[in-house]
Amino acid sequence: MWFLGMDVGTGGTRAVIVDANGKLVSGASSEHAPFRTPHPGWAEQDPEDWWRAAQEAIREAIAAAPEPREAIAALGLTGQMHGAVLLDENGAVLRPSLIWCDTRTQPECDWLHEKIGYEKLIELTCNPALPNFTLTKLLWVKTHEPEIFAKTRHVMCPKDYVRYRLTGEFAIDVQEASGTLLLDVTHRRWSREVAEAAGIPMEWLPQVYESPEVCARISDTAARLTGLAAGTPVVAGAGDQGAGAVGMGILQPGSVSATIGTSGVVFAATAEPTKDPKGRLHTFCHAVPGVWHVMGVTQSAGLSLQWFRNTFFAGQGYDVLTEGAARILAGSQGLEWAPYLLGERTPHLDPEVRGAFAGIHSSHTAAHFTRAVLEGVAYSLQDTFTLFAELGIPVSGIRLGGGGARGPLWRRIQAGIYGHAVEILTAEEGGAFGCALMAGVGIKHWANLDQACGQAIEVAQRIEADPADVETYKTGYAKWRKLYPALRSVREA
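Reference entry: report on the structure contained in this document.

Parameters and conventions
Residues numbered from 1 in each chain as written. Predicted model: local features only at pLDDT ≥ 70, side-chain atom pairs only at ≥ 80, totals over all residues. Heavy atoms only, no water. 1 Å grid on protein atoms, 1.4 Å probe; cavity = no way out; pocket = protein on both sides within 12 Å on 5 of 7 lines; lining within 4 Å. Points joined across faces, edges and corners; volume = space filled by probe spheres on them. Helix = DSSP H or I, 4+ residues; strand = E, 2+ residues; numbered from the N terminus. Nonpolar A, V, L, I, M, F, W, Y, C, P; charged D, E, K, R; others polar. Phe/Tyr/Trp six-rings, centres within 6.5 Å; stacked < 30°, edge-to-face > 60°. Buried < 20%, exposed > 50% of the residue type's maximum accessible area, 1.4 Å probe, protein only. Contact = heavy atoms within 4.5 Å. Arc of directions from axis to C-beta. Pairing = 2+ DSSP bridges. Axes fitted to C-alpha atoms, helices over the stretch in contact; angles between N-to-C directions. Salt bridge = Lys/Arg side-chain N within 4 Å of Asp/Glu carboxyl O.

**Considerations on the layout of surface pockets**
1) Next: By volume, the largest pocket is sized at about 1,200 Å³.
2) Next: If you go around the largest pocket, you meet 39 residues; those closest to its centre are Asp-7, Asp-240, Gln-241, Gly-261 and Thr-262.
3) Next: Among the secondary structure elements, those contributing two or more residues to the lining of the largest pocket are β2 (12-18), β3 (24-31), α10 (240-247), β15 (255-260), β16 (264-270), β18 (292-298) and α15 (431-442).
4) Next: Take the lining of the largest pocket: its biggest share by element is four residues, from α10.
5) Next: For the lining of the largest pocket, the class distribution of residues is 10 nonpolar, 21 polar and eight charged.
6) Next: Considered as a void within the structure, the second largest pocket measures approximately 660 Å³ in volume.
7) Next: Along its surface, the second largest pocket is lined by 31 residues, and Cys-101, Thr-103, Gln-299, Leu-342 and Pro-351 are the ones closest to its centre.

This is the structure:
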């Protein structure tokens, strides 16, 4: 039997097929239309475009699979978190979705903290209000588009809307629901107290499931459109970070991943919900039943390198840039990069701070600037490890993912800055792969996610931290941490 996992991302939807041994069989992707920004800070996408891309990706993944083909026994979904999809009583989309990177809702965050209380909101949901979260987007619609809010009867996140089109069921998993700011994360259920305070009817919210739990089945209509068999089980899945962690084997307390994509995420599994009273970390339910996770986010991680390349070295490959940077000593001879192109989440919760180079000397070359960008991103991720130490969150192993795991220089820089050996997987297939494993667990092919990942995931390389780098970066990090207060003071002057 085969299992299908699908990732409804920001730029496109990807579907992968995994066999009974947890090995990749095939995959296919379909791009989304670029998200719209009608005003600064706004970001909107059309849910119908996700549904189109999902159909294409599923059909193409099946077509790309070699003969003889097995039946798709079950599937799971992941995708971009925090988006708000509003449906009417007939299940029709009422407006474009406000997606995760839409930051128009700071006034709604302030209102929630005043209405409920900052500390009380963390007690109820394990998190403070941030512009990224779904609830703040619903409140924006309530205030600015009351006619749309009045017609709303169902609220969904992006991948759950695609599941609705596949199955006709309104469902969500606990990990994704944690990012709505409407979930009682400690007890893994909707928070009636928060919903009522915000004026969100409980009946608008989909039923909550654990991630590997079967929650729906493919409808006859979707079967005709996708090539899947009607009645195929669909598990709840998880948001992109939870599913990606499963795909990397980050399942039990002590296991940690550091993933550098457009943003950067440090993700740690925990045995219980660890609440940061200052709200600097996200605390969510994990995709593993009975486990939670904490997560720190750097807004502009891979984006920093992309911006640097496109702005100053358009047309030049990343490999050429990093080859030069590899010849520069650790510490970039005092040149520093603050990766705050889109503000920052962890630990500063500051959407207004902006990026900067500091310590520029006439002897610095393009290679110094490149290395400073790589180091500045890793320093920013180290901020999350610093919080882990402060809150007593164990770190027994670190696995690298995303673009930050592909180049040997960034791997070495991360090992040195984190002061810990890091591991690279043989094949990192991402959240869609993790959801395919969840699908196998959902229909009892594997007993649990530990067994599935034990069979499917293989470590390719372990990079030890160079002691000289560790010492250099320990001093460098202490100096780098002074950048944020300085930038904030300049802004406030």
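**A word on unusual backbone geometry**
1) Next: Look at the link from Glu-67 to Pro-68: it is a cis peptide, with omega at -5°.
2) Next: Locating Pro-68 in the fold gives a position in the loop between α1 (47-64) and β5 (72-79).
3) Next: Thr-346 connects to Pro-347 through a cis peptide bond whose omega is 0°.
4) Next: Relative to the elements of secondary structure, Pro-347 occurs in the loop between β19 (336-338) and β20 (356-358).
5) Next: Here His-82, not a glycine, exhibits a phi torsion of approximately 75°, which is positive.
6) Next: Within the fold, His-82 resides in the loop between β5 and β6 (85-87).

**Notes on empty space enclosed by the protein**
1) Next: A full pass over the atoms with the stated rule returns one cavity of 30 Å³ or more.
2) Next: In this structure, the largest cavity encloses a volume near 50 Å³.
3) Next: Contributing to the lining of the largest cavity are Thr-134, Leu-138, Val-155, Met-156, Cys-157, Ile-172, Thr-180, Leu-182, Trp-190, Leu-205 and Pro-206.
4) Next: Along the lines of polarity and charge, the residues of the lining of the largest cavity split into nine nonpolar, two polar and no charged.

**Here's the deal with the packing of aromatic side chains**
Given two aromatic rings, their pairing is described by the distance between the two centres and the angle made by the two planes.
1) Next: Overall, the coordinates contain 20 aromatic pairs when judged by the stated rule.
2) Next: Judged by centre distance (6.1 Å) and plane angle (90°), the rings of Tyr-340 and Tyr-484 are edge-to-face. With a gap of 144 residues between them, Tyr-340 in the loop between β19 and β20 and Tyr-484 in helix α18 (residues 483-492) connect regions that are remote in the sequence. The burial state of Tyr-340 is the same as that of Tyr-484; both residues are buried.

**Re helix α11 (residues 302-312)**
1) Next: What α11 keeps buried is the set Gly-302, Leu-303, Ser-304, Leu-305, Phe-308 and Arg-309.
2) Next: In this structure, the buried residues of α11 make contact with β15, α12 (318-325), β19, β20, α13 (366-391) and α14 (408-418).

**Examining the environment of Ile-218**
1) Next: Among the secondary structure elements, Ile-218 is positioned in the loop between β13 (214-217) and α9 (220-226).
2) Next: Overall, the relative accessible area of 3% leaves Ile-218 in the buried class.
3) Next: For the pair formed by Ile-218 and Gly-231, sequence separation is 13 residues and the distance between their alpha carbons is 4.9 Å.
4) Next: Here Ile-218 is in contact with Leu-75, Leu-166, Thr-167, Ala-223, Leu-228, Ala-229, Ala-230, Gly-231, Thr-232 and Val-234, once residues within four sequence places are set aside.

**Here's the deal with helix α2 (residues 106-116)**
1) Next: Turning to α2, its buried residues are Glu-108, Cys-109, Leu-112, His-113 and Ile-116. For α2, the angular spread of buried residues about the axis comes to 140°, placing them on one side. Exposed residues pointing more than 90 degrees away from the buried face of α2 are listed as Pro-107, Glu-114 and Lys-115.
2) Next: Of the surrounding secondary structure, the elements contacted by the buried residues of α2 are α3 (118-125), α4 (134-144) and α8 (192-198).
3) Next: Downstream of α2 by a residue or two, Gly-117 has a phi angle that is positive, lying close to 105°.

**What about the sheet that holds strand β14 (residues 233-235)?**
1) Next: Strand order across the open sheet formed by six strands is β3-β2-β1-β5-β14-β13, with mixed pairing between neighbours. Two strands in the sheet have a free side with no partner beyond their single neighbour: β3 and β13. Taken over all neighbouring pairs, the strand axes of this sheet differ in orientation by 25° on average, direction set aside.
2) Next: As defined by bridge partners, β13 adjoins β14 across three bridges and the pair is classed as antiparallel. Within β14, the residue paired with Ala-216 across the bridge is Val-234.

**Quick word on the pattern of salt bridges**
1) Next: Under the definition given, this model contains 29 salt bridges.
2) Next: Residues Asp-469 and Arg-412 are paired through a salt bridge, measuring 2.7 Å at the closest nitrogen-oxygen approach. Highlighted residues: Asp-469 in helix α17 (residues 467-480) and Arg-412 in helix α14, separated in sequence by 57 residues.

**Remarks on the pairing of β5**
1) Next: Judged by how many residues are buried, β5 sits mostly within the fold: eight of eight residues are covered.
2) Next: Inspection of the sheet shows strand β1 (residues 2-8) paired to β5 by seven bridges, in the parallel sense. Of the residues in β5, the one forming a bridge with Val-8 is Gly-79.
3) Next: Examined bridge by bridge, β5 and β14 share two bridges and lie parallel to one another. Its bridge partner lying in β14, Gly-76 is registered against Val-235.

So yeah, pure geometry; function would need other evidence.
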